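The residues making up each chain are set out below.
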Amino acid sequence: MVTKACTRCHRLMEEERCAICNIPSSKNWSGFLIVLDPENSGIAKELNINLPGEYALRVR
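The structure displayed is predicted, hence computed values, not measured ones. Position numbers for residues count from 1 along each chain, tracking the sequence in the order it is written. Note on the predicted model: pLDDT of at least 70 is required for a residue's local features to be given, and 80 or more for side-chain atom pairs to be given and counted; whole-chain, interface and lining totals, by contrast, use all residues. To get the side-chain values, all heavy atoms of the structure are used, and hydrogens and water are removed first.

Participant: Explain the overall build of the protein chain here, please?
Facilitator: By the criteria applied, helices consist of DSSP H or I runs no shorter than four residues and strands consist of E runs no shorter than two, each listed in order from the N terminus. Of regular secondary structure, the protein chain possesses one helix and seven strands. Secondary structure elements of the protein chain, listed N to C terminal, follow the sequence β-β-β-β-β-α-β-β. Put simply, the radius of gyration uses C-alpha atoms, and a globule should come to 2.2 Å times the residue count raised to 0.38. Rg of the C-alpha trace for the protein chain: 11 Å, near the compact-globule value of 10 Å for 60 residues, within the 12% margin. Overall, the protein chain is about 30 × 20 × 20 Å in size when its C-alpha atoms are taken along their principal axes. Residue burial in the protein chain is summarised as follows: out of 60 residues, 33% are buried. Separation of charge centres in the protein chain, based on 8 positive and 7 negative side chains, amounts to 9 Å. Residue burial is assigned from relative accessible area. The probe radius is 1.4 Å, only protein chains are included, and a residue is buried under 20% of its type maximum, exposed over 50%, and partly exposed in between. When charges are counted, Lys and Arg are positive and Asp and Glu negative, with His and the chain ends excluded. Think of each charge as sitting on NZ of Lys, CZ of Arg, CG of Asp or CD of Glu.

Below is the structure:
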């Protein structure tokens, strides 16, 4: 399967639509970020990430 990213929340997935935002995902993404503890992560706060998981840094 091809890894895709949500165009709104940047969460990585294999589905055609984001399970959180329910909008189409994109194959055109770059950068990789794993967030384990979003409450104590400065990067997660900067990127408005509230849930642990894998995220893309840039999605087109």
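Participant: Just checking my understanding: could you explain the side chain of Ser-25 for this structure?
Facilitator: Here Ser-25 lies in strand β3 (residues 25–26). For this analysis, a polar contact is any N or O atom pair within 3.5 Å, provided that within protein one partner can donate a hydrogen and the other can accept it, and provided that sequence-adjacent residues contribute only side-chain to side-chain pairs. Of the polar contacts made by the side chain of Ser-25, one reaches the backbone oxygen of Glu-15; its length is 2.9 Å. Only heavy atoms enter the contact rule, under which two residues are in contact if any of them lie within 4.5 Å. If we skip the residues at most four places from it in the chain, Ser-25 touches Lys-4, Ala-5, Cys-6, Met-13, Glu-15, Glu-16 and Arg-17.

Participant: Please explain the state of the cysteines as it appears in this structure.
Facilitator: As used in these notes, a disulfide is a covalent bond between sulfur atoms, one from each of two cysteines. In plain terms, two cysteine sulfur atoms within 2.5 Å form what is called a disulfide here. For the structure shown, the criterion picks out zero disulfides. In this structure Cys-6 is a free cysteine whose sulfur lies 3.7 Å from that of Cys-9, the closest cysteine sulfur available. Its relative accessible area of 0% is what places Cys-6 among the buried residues. With no disulfide of its own, Cys-18 has Cys-6 as its nearest cysteine by sulfur position, at a separation of 3.7 Å. The exposure class of Cys-18 is buried, given its relative accessible area of 3%.

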